Amino acid sequence: MSGFIIPIDNVSYALSKNVFASCFFCGQAGPETIMGIKFKGATPKLKTDQYVTLEGTFRYNDNDVNDWIYHIENAVIVKRRKIKLSFFVFLSFRKMTKSK
């Protein structure tokens, strides 16, 4: 499973289809676009919007409305991509700051 890292608190993360600025928490996407991560072993230090590929055990939550719908447990990072500020993101940010 691949996606963007979203910090939940100081010790846990979620995996999102979208970057933080467009994620579920900002109202730009639904809860189906994010999943909880439980790492195998110690939780690694990760950066917001870092794109990673994880391997682990997929779990579907069909009974606890206060928990993530999707989970990846015993997760291991198999690939990391460095964070790059794309030209598109730069233009979007520039447009947002000019409209204020």
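In what follows, the accompanying structure is described. (Residues numbered from 1 in each chain as written. Predicted model: local features only at pLDDT ≥ 70, side-chain atom pairs only at ≥ 80, totals over all residues. Heavy atoms only, no water.)

Some points on the nonpolar core
Membership of the largest hydrophobic core is limited to 11 residues, which are Ile5, Tyr13, Leu15, Met35, Ile37, Phe39, Leu46, Val52, Leu54, Ile72 and Ala75. Sorting the residues of this core by element identifies strand E2 (13-16), strand E3 (34-39), strand E4 (51-60) and strand E5 (70-81) as the ones contributing at least two each. Here this core takes three residues from E3, the largest share from any one element. In this view, valine 52 contacts Met1, Ser2, Gly3, Ile5, Leu15, Ile77, Lys79 and Arg80; residues no more than four positions away in its chain are not counted. (Core = buried A, V, L, I, M, F, W, Y, C linked by side-chain atoms within 4.5 Å. Buried < 20%, exposed > 50% of the residue type's maximum accessible area, 1.4 Å probe, protein only. Helix = DSSP H or I, 4+ residues; strand = E, 2+ residues; numbered from the N terminus. Contact = heavy atoms within 4.5 Å.)

Description of the environment of lysine 45
Along the polypeptide, lysine 45 turns up in the loop between E3 and E4. What makes lysine 45 exposed here is its relative accessible area of 77%. Once the C-alpha coordinates of lysine 45 and tyrosine 13 are considered, the two residues, 32 residues apart in sequence, prove to be 9.8 Å apart. Apart from residues lying up to four places away in sequence, lysine 45 is in contact with Tyr13 and Arg80.

A closer look at unusual backbone geometry
Most peptide bonds are trans, and most residues other than glycine sit at a negative phi. In this structure, aspartate 49 is a non-glycine residue whose phi angle is positive, near 70°. Structurally, aspartate 49 can be placed in the loop between E3 and E4. Residue aspartate 49 is classed as partly exposed on the basis of its relative accessible area of 23%. Even without glycine at this site, asparagine 74 takes up a positive phi of about 55°. Residue position: asparagine 74 is located in strand E5.

Considering the environment of lysine 17
Turning to its location among the elements, lysine 17 is positioned in the loop between E2 and E3. In this structure lysine 17 comes out as exposed when scored by relative accessible area, which is 60%. Residues lysine 17 and alanine 29, spaced 12 residues apart in sequence, show a C-alpha to C-alpha distance of 9.0 Å.

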